[in-house]
Every structure is written in C-alpha cells, then in structure tokens.
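Residues per chain are reported as follows:
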Amino acid sequence: MERRAFIKSSCNGCLLAASGLLLSRLAASCSPAFPVFKTEVINGEIQLPLTALGSSGFQIVRPKGWYYDIAVRKKEDASYEALLLKCTHQDNQLTPSGSGYGCTLHGSQFDKDGRVTKGPAEHPLQSYTTTLTRDQLIINIKA
Ligand code: FES
C-alpha cells in the first residue's frame, strides 16, 4: 500500500471511530435519567396507572402543555406524594437526584418530601393531593 493510501485509509478509520464514540455519547446524554410518563390534565386530575410506578415507586409525570414536571413517589407508609418540580426561588425546573431534587440555576436543594435543604430557596415545593383507586393514582391538580 502506498504511503498516501495508507494515511487516507487510517484517517477514514479514525473518523469512523470518532463519530461512533460521539454518537454513543450524544445518545447517552439525551436519555432521561428517570423515566417520564407523558399525560394530560383532564377535569383537574392526572390519572397515573400504578403500573407506571413500577417497583421503584418513583415516576416523573409530564402533563401536556405544562412547563414543569411532577415527581410522584411512593412513601414508606405506602401513601403517595406528588411534587411540582418548580424551584420556589425563581421558578427554574428542578431535576431529581438520588436524595431529592436540585436546581441548577442557583443551587437550591430539596429533600424527597420537597423541604428546602439548601437555599437560596426558602419555601417547600408545591405538592398535590393524591387519591388511590384499584389501579390508578389520581393526582388532584385543582385542589
Ligand atoms: S431558581 Fe432555583 S435556586 Fe434560584
């Protein structure tokens, strides 16, 4: 193989490898860390099938047309909690972490029950009451 042909084929191989690595990293960064259940509010309620909660007992709910997600969590006493993931400091979308929710804008942290653990936020997250039926969790938005 001539030197020029060798360099050309080597560069093509490097480009292919680099593009594959880039695509895999891009795909990983676009994957949500937590599953998202997309739904809509009907008559002031969100109906979440219990099967959507799975064994983890945790689900991010994304109502159609809403800017903020709702985090639904099964508590230790088997009741359910629904928290609006809207930072109470300056309304930034929160992201779930292992122990609660964090704000990337100014660093506020909230525990899994929505209480402030680190400011500048001073108020807990908005929560919604929930009603359990045989196979669904109803999140009461209008209450
Ligand atoms: S908006 Fe969340 S800490 Fe400021």
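The coordinates are above.
Please read all numbers here as calculations on a predicted model, not as lab measurements.

A. Layout of the pairing of strand S11 (residues 136–140). Burial along S11 is one-sided: the face carrying Leu137 and Ile139 is buried and the face carrying Gln136, Ile138 and Asn140 is not. Sheet topology places strand S2 (residues 45–49) next to S11; 5 bridges connect them, and they run antiparallel. Paired with Leu48 across the bridge in S11 is Leu137. Bridge count between strand S10 (residues 127–132) and S11: 4 bridges; the pairing is antiparallel. Each bridged residue has a counterpart across the sheet, and for Leu132 the counterpart in S11 is Leu137. Remark: 3 residues form the turn of the hairpin made by S10 and S11, two consecutive strands paired antiparallel.

B. Region of the structure containing the environment of Ser56. Mapped onto the elements, Ser56 comes out in the loop between helix H2 (50–53) and strand S3 (58–63). In this structure Ser56 comes out as exposed when scored by C-beta crowding, with 10 C-beta atoms within 10 Å. Expressed as a C-alpha distance, the spacing of Ser56 and Arg73, which sit 17 residues apart in the sequence, is 8.6 Å.

C. Spotlight on the sheet that holds strand S4 (residues 70–74). Strand order in the open sheet made by the 7 strands is S1-S3-S4-S5-S10-S11-S2, with mixed pairing throughout. Each having just a single partner strand, strand S1 (36–39) and S2 make up the two edges of the open sheet. Averaged over all pairs of adjacent strands, the angle between their axes in this sheet comes to 30°, without regard to strand direction.

D. Quick look at the environment of Gly100. Tracing the backbone through its elements, the reader meets Gly100 in strand S7 (residues 100–102). On a C-alpha basis, the gap between Gly100 and Phe110 in space is 5.6 Å, while along the polypeptide they are 10 residues apart. The residues touching Gly100, leaving out its near neighbours within four places in the chain, are Gln109, Phe110, Asp111, Lys112 and Thr117.

E. Local environment of the sheet that holds strand S9 (residues 116–118). Across the sheet, 4 strands lie side by side as S6-S7-S8-S9; this open sheet has antiparallel pairing. On the outer flanks of this sheet lie strand S6 (95–96) and S9, each paired with one strand and no other. Sheet topology note: the S7/strand S8 (residues 109–111) ladder contains 3 bridges and is antiparallel. Note on S8: the bridge partner recorded for Gly100 is Asp111.

Parameters at a glance
Residues numbered from 1 in each chain as written. Predicted model: local features only at pLDDT ≥ 70, side-chain atom pairs only at ≥ 80, totals over all residues. Buried ≥ 20, exposed ≤ 12 C-beta atoms within 10 Å, placed from the backbone. Helix = DSSP H or I, 4+ residues; strand = E, 2+ residues; numbered from the N terminus. Pairing = 2+ DSSP bridges. Axes fitted to C-alpha atoms, helices over the stretch in contact; angles between N-to-C directions. Contact = placed C-beta atoms within 7 Å.

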